[in-house]
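Here is what each chain is made of, one letter per residue.
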Amino acid sequence: MMLRELVGADLADLRVLWREGLTAFPASFLMTAEEADGIPDANLLSGFESGSYWGVFISDQLVGFAVLRQGGLSRLSHTADLGPFYISADYQRQGLAKALLARVLDQARERGLKQVELCVDQENHAARRLYENAGFRPFGLRPRSVVVEGQPRNDVLMLCPLDNALAADEIPSLARQVLD
């Protein structure tokens, strides 16, 4: 297994792998396969150049990827959003997602980020466990976040603090204070 940032030569493989995920697991992504297909190569290559796209490779084959987008505004520059995140169905449950997620979070720490956020389908229990085991904690629910094949789906909003200023286990109680 090899983990590394994606480069221009990985573009075609990324598109194939991403389409696989979007087709096989449509509820796990915010966009459709057609929308992903419509993203210009230049946009993806720009993300590669900024170090936002990471891949996991088995024998030089891209079998998983993750995207980490740092906040662009100065007041959000301490944060990043994670996603999409996908491991090919043939390679799931082999520890690749855990390794890729750990590498991406290490990269976020190296960049001096304070937290990483994501949203995950409420019914995607395997992904939620992966994220929780990596230090993410839920802080909210986005009802009807997406509509997949005519059915509304809820997303769980999760946050992983990367510094010592906020303990992961404090996050759910902070979120509950808003509702009280």
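One can find the structure itself at the top, above this paragraph.
Predicted model, so just to flag it, every value in this text is computed and none were measured.

(A) Inspection of unusual backbone geometry at higher detail. Backbone torsion omega between Gly83 and Pro84 reads 5°, so that peptide bond is classified as cis. Considering the arrangement of structural elements, one finds Pro84 in strand E4 (residues 79-87). Of note in this structure, Asp60 is not a glycine but carries a positive phi near 65°.

(B) Representation of the packing of aromatic side chains. Per the stated rule, a full pass over the model turns up six aromatic pairs. Geometrically, the ring pair formed by Phe85 and Tyr131 is edge-to-face, given 6.1 Å between the ring centres and 80° between the ring planes. Note that Phe85 is positioned in strand E4 and Tyr131 in helix H5 (residues 125-133), a separation of 46 residues in sequence. Both residues of the pair, Phe85 and Tyr131, count as buried. Among the aromatic residues, ring-to-ring pairing joins Phe25, Phe29 and Tyr86 into one connected group.

(C) Main features of helix H4 (residues 96-110). A rise of 1.5 Å per residue sets the reference length of H4, with its 15 residues, at 21 Å; its end C-alpha atoms lie 21 Å apart and thus fit the reference within 8%. For H4, the complete set of buried residues consists of Leu96, Ala97, Ala99, Leu100, Leu101, Val104, Leu105, Gln107 and Ala108. Gly112 lies just past H4 and shows a positive phi near 80°.

(D) Representation of the sheet that holds strand E6 (residues 137-148) within the structure. If you walk across this open sheet you meet the seven strands as E1-E2-E3-E4-E5-E7-E6, and the pairing is mixed. The open sheet terminates on both sides in strands that have one partner only, identified here as strand E1 (2-5) and E6. Between one strand and the next, the sheet's axes are offset by a mean angle of 25°, whatever the strand orientation. Sheet strands touched by helix H1 (residues 11-24): strand E2 (53-58), strand E3 (61-70) and E4. Its angle to E3, the strand with the most contacts, is close to 85°. Here H5 sits on the sheet and contacts E4, strand E5 (115-121), E6 and strand E7 (151-161); the angle it forms with E5, its principal contact strand, is near 165°.

Definitions and cut-offs
- Residues numbered from 1 in each chain as written.
- Predicted model: local features only at pLDDT ≥ 70, side-chain atom pairs only at ≥ 80, totals over all residues.
- Heavy atoms only, no water.
- Helix = DSSP H or I, 4+ residues; strand = E, 2+ residues; numbered from the N terminus.
- Phe/Tyr/Trp six-rings, centres within 6.5 Å; stacked < 30°, edge-to-face > 60°.
- Buried < 20%, exposed > 50% of the residue type's maximum accessible area, 1.4 Å probe, protein only.
- Expected span 1.5 Å × (residues − 1).
- Pairing = 2+ DSSP bridges.
- Axes fitted to C-alpha atoms, helices over the stretch in contact; angles between N-to-C directions.
- Contact = heavy atoms within 4.5 Å.

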